[in-house]
Amino acid sequence: MNDPVYALELSYEEWGEICTKKWGLPKYRADQICQWIYDKKVFNIHEMTNLSRELREKLVYDLMILPPIPVTEETSRDGTKKFLWQLYDGERIESVLLYHGSHTTACISSQAGCPLACSFCATGGSGFRRDLSAGEMVGQLLAMEKRAGQNISNVVFMGMGEPFLNTRAVFRSITIMNSPKMRNMGARHITISTSGVVPGILDLAEFPIPVRLSVSLHAPNEALRSKLMPVNKKYSLGSLVDAMRKYQQKTGERITLEYIMIQKVNDEPELAYEMAALLSGIGVYVNLIPYNPVKDTYKRSTPERIRAFSAILSQLGIENEIRKEKGTDINAACGQLRRREAGN
Ligand code: SAH
Ligand code: SF4
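Everything numeric here is computed off the predicted structure, so don't read it as measured data.

About the criteria used
- Residues numbered from 1 in each chain as written.
- Chains lettered and ligands numbered in written order.
- Predicted model: local features only at pLDDT ≥ 70, side-chain atom pairs only at ≥ 80, totals over all residues.
- Heavy atoms only, no water.
- Helix = DSSP H or I, 4+ residues; strand = E, 2+ residues; numbered from the N terminus.
- Rg over C-alpha atoms; globule rule 2.2 N^0.38 Å.
- Contact = heavy atoms within 4.5 Å.
- Lys, Arg positive; Asp, Glu negative; His and termini not counted.
- Charge placed at Lys NZ, Arg CZ, Asp CG, Glu CD.
- Polar contact = N/O pair within 3.5 Å; in protein donor to acceptor, adjacent residues only side chain to side chain.
- Near = heavy atom within 4 Å.
- Areas by Shrake-Rupley, 256 points an atom, 1.4 Å probe, with all protein chains shown as cover.
- Nonpolar A, V, L, I, M, F, W, Y, C, P; charged D, E, K, R; others polar.
- Axes fitted to C-alpha atoms, helices over the stretch in contact; angles between N-to-C directions.
- Parallel < 35°, antiparallel > 145°, perpendicular 65-115°, else oblique.
- Left-handed = near helix turned anticlockwise from the far one by under 90°.
- pLDDT = per-residue confidence, 0-100.
- Phe/Tyr/Trp six-rings, centres within 6.5 Å; stacked < 30°, edge-to-face > 60°.
- Buried < 20%, exposed > 50% of the residue type's maximum accessible area, 1.4 Å probe, protein only.
- Lys NZ or Arg CZ within 6 Å of the ring centre and 35° of its normal.
- Salt bridge = Lys/Arg side-chain N within 4 Å of Asp/Glu carboxyl O.
- Domains from an automatic or database assignment.
- Buried area = accessible area lost by both parts, 1.4 Å probe.

A. Seen up close, the overall build of the protein. What the protein contains, in helices and strands, is 13 helices and 14 strands. On C-alpha atoms alone, the protein measures out to a radius of gyration of 21 Å, which is about the 20 Å that the 2.2 N^0.38 rule sets for 344 residues. Look at the contacts in the protein between residues 6 or more apart in sequence, and 66% of them connect residues 24 or more apart. In the protein, 43 positive and 38 negative side-chain charges are present, and the distance between their average locations comes to 1 Å.

Here is the structure:
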């Protein structure tokens, strides 16, 4: 018997080759199967009724369609849904589905756990297990769409893990999601969030699909950033800002910055001044996000402190917005579900 083909890992070109060369089928069969998977969210080959019974019986052995298996699904008061999934080897990951009026956002994981251990993050606190494959990332989107009964309009790589420590698989998953004959998700609807892994930012500048970039800044100077985010010891804030400039020169794209507001840690007014100086000459949009407390050591900034910080940035010409929290009552922030299920 041939080795099975893992459907969700395949690019459109590979589908064509496998159908024609490996299975001796006409190429349109690839389009038919992709329509079942990507449009209709049908993952059971027996339900693909425009394939002959004979072909279906053959494909059951040759083709594996393995979206993640749902373990739990929670819905918060604001409608945000959080999913815990199990992968083929028992690893558990999470995804979040956010509703914002006319559009919906799937927040997906790129790794099981995360090796970067940011001091404020539940994922970082629970260690690193492994990288996800492209199909495991595509699978999170499809499995959420199937359960929600609708297509999701946006994807953000902001779940568990650091996308730029798994860049090849992340780029492959984007190629698959973006492919017109597959999921056909627009590039402008996809965002990668990085903690500041510089080589990944430079790779993204060369990547042909113009997805959006979001950088988790969280501190405007080296000392504080290294304290909060150990990744800063490897890729300093200086080198991060240089990479952002290079990325912008190459792509002309504005960069979103995430800044979680932690009471009396990174929300002092002088840090807003420092941040504006750091970012001068770069086109950015700053999201100020109230910290979702997962550790006793850190508290969320008060609304007054967040507003004061925001006002200083605005005065200094840094466009910014105070983000509304979503899904806080079900802990729908980075890495929190897996931690709770694991009982720690
Ligand atoms: N590793 C990537 C992407 C996943 S984390 C990154 O760090 O950017 C996605 C976002 O959630 C990051 O901006 C991260 O800093 C933020 N985050 C982590 N823990 C959080 C918490 N408890 N409350 C609010 N945001 C948090
Ligand atoms: Fe990893 Fe991002 Fe969490 Fe930091 S914030 S530990 S980089 S997932």
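B. Structural context of the side chain of Q111. Residue position: Q111 is located in strand β7 (residues 111-113). There is a polar contact of 2.8 Å between the side chain of Q111 and the side chain of D131. When sequence neighbours within four positions are dropped, the list of residues in contact with Q111 reads I93, F128, R130, D131, L132, M160, G161, E162, L165 and N166.

C. View of the site of ligand 1. G161, S193, S216, H218 and N292 are the nearest of the 19 residues found near ligand 1. Between ligand 1 and S216 there is a distance of 2.6 Å, counted from an oxygen atom to a side-chain nitrogen or oxygen. At 2.9 Å, a backbone N or O of N292 approaches a nitrogen atom of ligand 1. For ligand 1, whose accessible area on its own is 530 Å², the fraction buried by protein is 92%. By residue class, the composition of the shell around ligand 1 is 8 nonpolar, 9 polar and 2 charged.

D. Region of the structure containing the packing of helix α1 (residues 12-22) against helix α2 (residues 28-39). The interhelical angle for the contact between α1 and α2, taken along N-to-C directions, is 130 degrees, at an axis separation of 9 Å. Taken as axis vectors, α1 and α2 run oblique relative to one another. Viewed along their axes, α1 and α2 form a crossing whose handedness is right-handed. Across the interface between the two elements, Y12, W15, G16 and C19 from α1 touch R29, A30, D31, I33, C34 and I37 from α2.

E. Just the confidence of the model for the protein, in detail. Across the protein, pLDDT averages 94, with 96% of residues at or above 70. Long-range and interchain partners of residues 338-344, a stretch whose pLDDT sits below 50, account for 18 contacts in this model, where long-range means more than four residues apart.

F. Inspection of the packing of aromatic side chains at higher detail. Applying the stated criterion to the full structure yields 5 aromatic pairs. Between the aromatic rings of F83 and W85, the centroid separation amounts to 5.1 Å while the plane-to-plane angle is 5 degrees, which identifies the pairing as stacked. Neither F83 nor W85 differs from the other in exposure class; each is buried. Following the ring pairs from residue to residue traces out a cluster consisting of F164, F171 and F207. Sitting above the plane of the W36 ring, K40 keeps its charged end 4.1 Å from the centroid.

G. The pattern of salt bridges, seen in detail. The full count for this structure, using the stated rule, is 18 salt bridges. As a salt-bridge pair, E145 and K41 come within 2.6 Å of each other at their nearest N and O atoms. Of this pair, E145 sits in helix α5 (residues 134-148) while K41 sits in the loop between α2 and α3 (53-62), and the two are 104 residues apart along the sequence. No difference in accessibility class separates E145 from K41, as the two residues are buried. Across the pair R305 and D267 runs a salt bridge whose closest N-O atoms are separated by 2.8 Å. Highlighted residues: R305 in helix α12 (residues 303-315) and D267 in the loop between β12 (255-261) and α11 (269-278), separated in sequence by 38 residues.

H. The environment of F309, seen in detail. With respect to the element layout, F309 can be found in helix α12. For F309, a relative accessible area of 1% puts it in the buried group. Note: C-alpha distance between F309 and L271 (38 residues apart in sequence) is 8.4 Å. Once residues lying within four places of it in the same chain are set aside, the contact partners of F309 are Y259, M261, N266, D267, E268, L271, A272, M275 and L288.

I. Representation of the domain arrangement of the protein in the model. On domain assignment, one finds that the protein holds domain 1 (5-64) and domain 2 (69-330). Contacts between the two partners involve 15 residues from domain 1 and, on the opposite side, 16 residues from domain 2. Carbon and sulfur atoms make up 60% of the area that domain 1 and domain 2 hide from each other, which totals about 1300 Å². Its largest share of buried area at the contact with domain 2, domain 1 owes to E9, Y38 and K41, together 47% of the area lost on that side. In this assembly, domain 1 and domain 2 are joined by 3 salt bridges. One salt bridge in this structure joins E14 and R172, with 2.8 Å as the shortest N-O distance. On inspection of domain 1 and its partner domain 2, the count reaches 9 residue pairs in polar contact (both at pLDDT 80 or more). By residue number, the principal contributor to the side of domain 1 that touches domain 2 is α2, which donates 5 residues. The residue makeup of the side of domain 1 that touches domain 2, split by class, is 9 nonpolar, 1 polar and 5 charged.

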